[in-house]
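# Overview (structure and organization)
Spelled out, the chains give:
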Amino acid sequence: MLDLKTFPADGFGFIKKLREYFLTVGEGTVELTINLVVMVLVERFYDQQGLGVYAYLLSLLFIISYISEFGIPRFTEHQIAKTDRHPDDQFEILSKSCQTVLCLSLLVASLLFLSAGYDAAHTRIAERTAAYLIIAAILPLRSLNRLKLSVLRGYGQHDLVAKLQTTKRLIFLGAMFLLLLIHVPPSYLFLAFLATEVFLTVAASVKLKLPGIWKTWIGFRSVRSTLTQGYQYLFADDALDVVLYVDFLILGFFVSAWELGVYAEASILARFFLMVPISIKPIFRRRYTLMTTQGEFQRAAMTFQRTIKIMFYLQSLLAL
């Protein structure tokens, strides 16, 4: 059985909303800051060549993990919010999503593991084959963790997700700094990602236990059905996060590690201007889903228009 704590219904009070925004945007700020700090540290220890290797493998990890999820976490988040206060329906959704994400991530990880030698031989950045093996080990953990966080967002627990994510990134920063101090090759720096995913697996399991994978197995037909539904969310919303790393992946096949490192120094700063909208979008997703589920289309439209004006004003100030 699904072991979930009782999640309270949304309260749209001013204090609650302010706290949600502060924690969520703060978590996004921590992510941006740590990414910048890590890239600076990698360059300090390994120069632009090491940074190029790191940037390429980072883009590979993010893009492959996003594709292997196939939109299932976002689909699950939407369905959890849509079936608010219907635990039986939520349990069925979680069972299907959990099984689908695990099967797909294991499949992609296996393909990456088997093709690691071939992949390393077809780039110009001189990364090591072991990096692909580490990324293959990360994929199943990362996919299930993202599913858990999406479920918590579906229940409206944005502050809890922000705390888990912030703690994870701080641990990542510490693990990365330790690896840099002992001078591991850039390709092995992704052991820090593996450590943080292990941490998040344990920490998130305390707050949310997913259904047993094999005890509730419902067959590959349901997995295929879930994939079809999740596909609708594949190129929506979080695709923006992936677009920010596509250039690193493509350039890795055509330029040297040093040239890619120089490019990475400049391009990462562009993420600063997307910090606020990317950070707070989970809050609005659940809010609009609840409104439309309850038939409050006019209210949702008015809220959406007001949010657009506020975000445009805020982004204009940041640009200035």
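Residues numbered from 1 in each chain as written. Predicted model: local features only at pLDDT ≥ 70, side-chain atom pairs only at ≥ 80, totals over all residues. Heavy atoms only, no water.

Time to look at the overall build of the protein chain. Of the regular secondary structure elements, the protein chain holds 12 helices and two strands. Among the 320 residues that make up the protein chain, the fraction classed as buried is 50%. (Helix = DSSP H or I, 4+ residues; strand = E, 2+ residues; numbered from the N terminus. Buried < 20%, exposed > 50% of the residue type's maximum accessible area, 1.4 Å probe, protein only.)

Under the definition given, this model contains four salt bridges. Residue Glu 69 pairs with Arg 146 through a salt bridge whose shortest N-O separation is 2.6 Å. With a gap of 77 residues between them, Glu 69 in helix α1 (residues 14-69) and Arg 146 in helix α5 (residues 129-154) connect regions that are remote in the sequence. By relative accessible area, Arg 146 is classed as partly exposed at 27%. (Salt bridge = Lys/Arg side-chain N within 4 Å of Asp/Glu carboxyl O.)

Counting residues in hydrophobic clusters, the biggest one holds 50 residues, and the most contacted among them are Tyr 54, Leu 57, Leu 189, Phe 190 and Phe 193. Secondary structure elements with two or more residues in this core: α1, α3 (87-114), α4 (116-120), α5, α6 (158-181), α7 (191-207), α9 (239-251) and α10 (257-267). With 19 residues, the top contributor of residues to this core is α1. Excluding residues that lie within four positions of it along the chain, Phe 190 makes contacts with Tyr 54, Leu 57, Leu 58, Leu 61, Ile 134 and Ile 138. The next biggest cluster of nonpolar side chains, apart from the first, holds 18 residues, and it includes Cys 98, Leu 102, Tyr 155 and Leu 164. (Core = buried A, V, L, I, M, F, W, Y, C linked by side-chain atoms within 4.5 Å. Contact = heavy atoms within 4.5 Å.)

Here the focus is unusual backbone geometry. The phi dihedral of Asp 47 is positive, around 65°, even though this residue is not glycine. Examined against the element boundaries, Asp 47 turns out to sit in helix α1. The phi angle at Phe 70 is positive, at roughly 55°, despite the residue not being glycine. Along the chain, the position of Phe 70 falls in the loop between α1 and α2 (72-82). Take Phe 70: its relative accessible area is 24%, and that puts it in the partly exposed class.

Residue position: Leu 234 is located in the loop between α8 (220-230) and α9. When the C-alpha atoms of Leu 234 and Ile 72 are compared, they prove to be 7.9 Å apart, with 162 residues separating the residues in sequence.

In the predicted model, the protein chain carries a mean pLDDT of 77, and the fraction of residues at 70 or more is 77%. Predicted confidence is poor over residues 1-12, with pLDDT under 50, and the contacts of this stretch with residues over four places away or in other chains come to 22 contacts. (pLDDT = per-residue confidence, 0-100.)

The subject of this paragraph is the packing of aromatic side chains. Counted under the stated rule, the structure contains four aromatic pairs. Every member of this aromatic cluster is reached through a ring pair, and the members are Tyr 54, Phe 172, Phe 190 and Phe 193. (Phe/Tyr/Trp six-rings, centres within 6.5 Å; stacked < 30°, edge-to-face > 60°.)

Attention shifts here to the environment of Ala 257. Looking at the element boundaries, Ala 257 is found in helix α10. A sequence separation of 134 residues divides Ala 257 from Thr 123, and the C-alpha atoms of the two residues are 9.5 Å apart. When sequence neighbours within four positions are dropped, the list of residues in contact with Ala 257 reads Gln 48, Gln 49, Gly 52, Val 53, Arg 124 and Ile 125.

Looking now at α10. All buried positions along α10 are accounted for by Ala 257, Leu 260, Gly 261, Ala 264 and Ser 267. Looking down the long axis of α10, one finds its buried residues gathered within 130° of arc, a one-sided arrangement. (Arc of directions from axis to C-beta.)

This next bit is on the packing of α3 against α5. One way to put it is that α3 packs onto α5 with a least axis distance of 8 Å and a crossing angle of 165°. By the criterion of interaxial angle, the relationship of α3 to α5 is roughly antiparallel. Seen from above, α3 lies across α5 with right-handed handedness. Side by side, α3 and α5 meet where Leu 94, Ser 97, Cys 98, Val 101, Leu 102, Ser 105, Leu 106, Val 108, Ala 109, Leu 112 and Phe 113 of the first sit next to Tyr 132, Leu 133, Ile 135, Ala 136, Leu 139, Pro 140, Ser 143, Leu 144, Leu 147 and Val 151 of the second. Split into classes, the residues belonging to the contact of α3 with α5 amount to 18 nonpolar, three polar and no charged. (Axes fitted to C-alpha atoms, helices over the stretch in contact; angles between N-to-C directions. Parallel < 35°, antiparallel > 145°, perpendicular 65-115°, else oblique. Left-handed = near helix turned anticlockwise from the far one by under 90°. Nonpolar A, V, L, I, M, F, W, Y, C, P; charged D, E, K, R; others polar.)

Turning our attention to the state of the cysteines. For the structure on display, the rule yields zero disulfides. Cysteine Cys 98 shares no disulfide, and the gap to the nearest cysteine sulfur, in Cys 103, comes to 9.3 Å. Cys 103 sits in the partly exposed class, given a relative accessible area of 24%. (Disulfide = S-S within 2.5 Å.)

Bringing a nonpolar patch on the surface into the picture now. The grouping of Phe 177, Leu 178, Leu 181 and Ile 182 at the surface amounts to a nonpolar patch, some 390 Å² of accessible area in total. Mapped onto the elements of the fold, Leu 181 is located in helix α6. On the basis of relative accessible area, Leu 181 is assigned to the partly exposed category, the value being 45%. (Patch = residues over 30% accessible without salt bridge, like charges linked within 9 Å, V, L, I, M, F, W, Y side chains within 5 Å. Areas by Shrake-Rupley, 256 points an atom, 1.4 Å probe, with all protein chains shown as cover.)

If you check α7, its first and last C-alpha atoms are 25 Å apart, about what 17 residues at 1.5 Å a residue would give, namely 24 Å. Residues of α7 that are buried include every one of Ala 192, Phe 193, Thr 196, Glu 197, Leu 200, Ala 203 and Ala 204, and no others. Each buried residue of α7 lies within a common arc of 135° when the element is viewed along its axis, so the set occupies one face. Turned more than 90 degrees off the buried face of α7, the exposed positions are Val 202 and Val 206. (Expected span 1.5 Å × (residues − 1).)

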